[in-house]
Amino acid sequence: MLVLILDVYLVVVIYKSGEKQNYALTIRAYAFISTLMIYLIIVDGINVVNGDILPFLYKYPINKLTPAEIVQVEALICTLTLHKPVFRASDLFVVGTGLLASVSGTIVTYVLVALQFNAKFSQQNTC
């Protein structure tokens, strides 16, 4: 999380200063932020697919299946109902779109505070 906060801060400071020589830092920051967003979208898509599979399995005509396939479909329905696929980070928190909202709020708060300190220091250096 600290890396993400620093990357967003670097992007804001580099954009604000107008420097064009920090391409490596800018590309790294944008790459990290976009990778995190893509990862969260993929994780959310997997959770949506779980919600789409269950109604399909409930509506599928079971009389067209063999007894072994019926057992497999019933096992899949039980598994998806009781143990929904959830991505966890070290069993500490669930990774999903709810995480995106809380991380975004934290990043915005830290970057605003850092920019205020940056403005205060730049005013002291010019006086």
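As the structure is a prediction and not an experimental result, all values here were calculated from the model.

Draft legend 1. Just the overall build of the protein chain, in detail. A count of helical and extended segments in the protein chain gives four helices and two strands. Helices and strands in the protein chain line up, N terminus first, as α-α-α-β-β-α. Taken over 127 residues, the protein chain has a buried fraction of 18%. The long-range fraction of contacts in the protein chain, counting pairs at least 24 apart against all pairs at least 6 apart in sequence, stands at 64%. With the model as given, the accessible surface of the protein chain reaches about 9,500 Å², and the carbon-plus-sulfur share is 68%.

Draft legend 2. Molecular detail of the environment of Ala 114. By the element assignment, Ala 114 lies in helix H4 (residues 97-126). With relative accessibility at 22%, the residue Ala 114 sits in the partly exposed group. In sequence terms Ala 114 and Val 13 are 101 residues apart; their C-alpha atoms lie 9.6 Å from each other.

Draft legend 3. Region of the structure containing a nonpolar patch on the surface. On the surface, Ile 38, Ile 42 and Ile 46 cluster together into a nonpolar patch covering about 270 Å² of accessible area. Within the fold, Ile 38 resides in helix H2 (residues 23-59).

Draft legend 4. Expanded view of the packing of aromatic side chains. Taken as a whole and judged by the stated rule, the model has one aromatic pair. Ring geometry for Phe 56 and Tyr 60: centres 5.7 Å apart, planes at 50°, overall tilted.

Draft legend 5. Summary view of helix H3 (residues 67-82). Over its 16 residues, H3 runs 22 Å from end to end, which matches the ideal 22 Å to within 8%, given 1.5 Å per residue. Listed as buried for H3 are Val 73, Ile 77 and Leu 80. Along the axis of H3, the buried residues cluster in a sector spanning 75°; they form a single face. Facing away from the buried surface of H3 by more than 90 degrees, the exposed residues are Pro 67, Ala 68, Val 71, Gln 72 and Leu 82.

Draft legend 6. Seen up close, the environment of Tyr 9. Looking at the element boundaries, Tyr 9 is found in helix H1 (residues 2-17). You can call Tyr 9 partly exposed: its relative accessible area is 22%. Sequence separation between Tyr 9 and Ala 114 is 105 residues, and the spatial gap between their C-alpha atoms is 7.6 Å. Leave out the neighbours within four places in its chain, and Tyr 9 touches Val 111, Ala 114, Leu 115 and Asn 118.

Draft legend 7. Here's a closer look at the nonpolar core. Judged by nonpolar contacts, Leu 54, Leu 57, Leu 65, Val 73, Ile 77 and Leu 80 together constitute the single largest core of six residues. Elements that contribute at least two residues to this core include exactly H2 and H3. The dominant element in this core, judged by the number of residues it contributes, is H3, at three residues. Apart from the residues within four sequence positions on either side, Leu 80 is in contact with Asn 50, Ile 53, Leu 54, Leu 57 and Pro 85. The next biggest cluster of nonpolar side chains, apart from the first, holds five residues, and it includes Val 8, Ile 107, Val 111 and Leu 115.

Draft legend 8. Fine view of the confidence of the model for the protein chain. Residues at a pLDDT of 70 or more form 80% of the protein chain, whose mean pLDDT is 76. Taking the mean pLDDT of every element in the protein chain, the minimum, 69, falls on H1 and the maximum, 89, on H3.

Calculation rules
Residues numbered from 1 in each chain as written. Predicted model: local features only at pLDDT ≥ 70, side-chain atom pairs only at ≥ 80, totals over all residues. Heavy atoms only, no water. Helix = DSSP H or I, 4+ residues; strand = E, 2+ residues; numbered from the N terminus. Buried < 20%, exposed > 50% of the residue type's maximum accessible area, 1.4 Å probe, protein only. Contact = heavy atoms within 4.5 Å. Areas by Shrake-Rupley, 256 points an atom, 1.4 Å probe, with all protein chains shown as cover. Patch = residues over 30% accessible without salt bridge, like charges linked within 9 Å, V, L, I, M, F, W, Y side chains within 5 Å. Salt bridge = Lys/Arg side-chain N within 4 Å of Asp/Glu carboxyl O. Phe/Tyr/Trp six-rings, centres within 6.5 Å; stacked < 30°, edge-to-face > 60°. Expected span 1.5 Å × (residues − 1). Arc of directions from axis to C-beta. Core = buried A, V, L, I, M, F, W, Y, C linked by side-chain atoms within 4.5 Å. pLDDT = per-residue confidence, 0-100.

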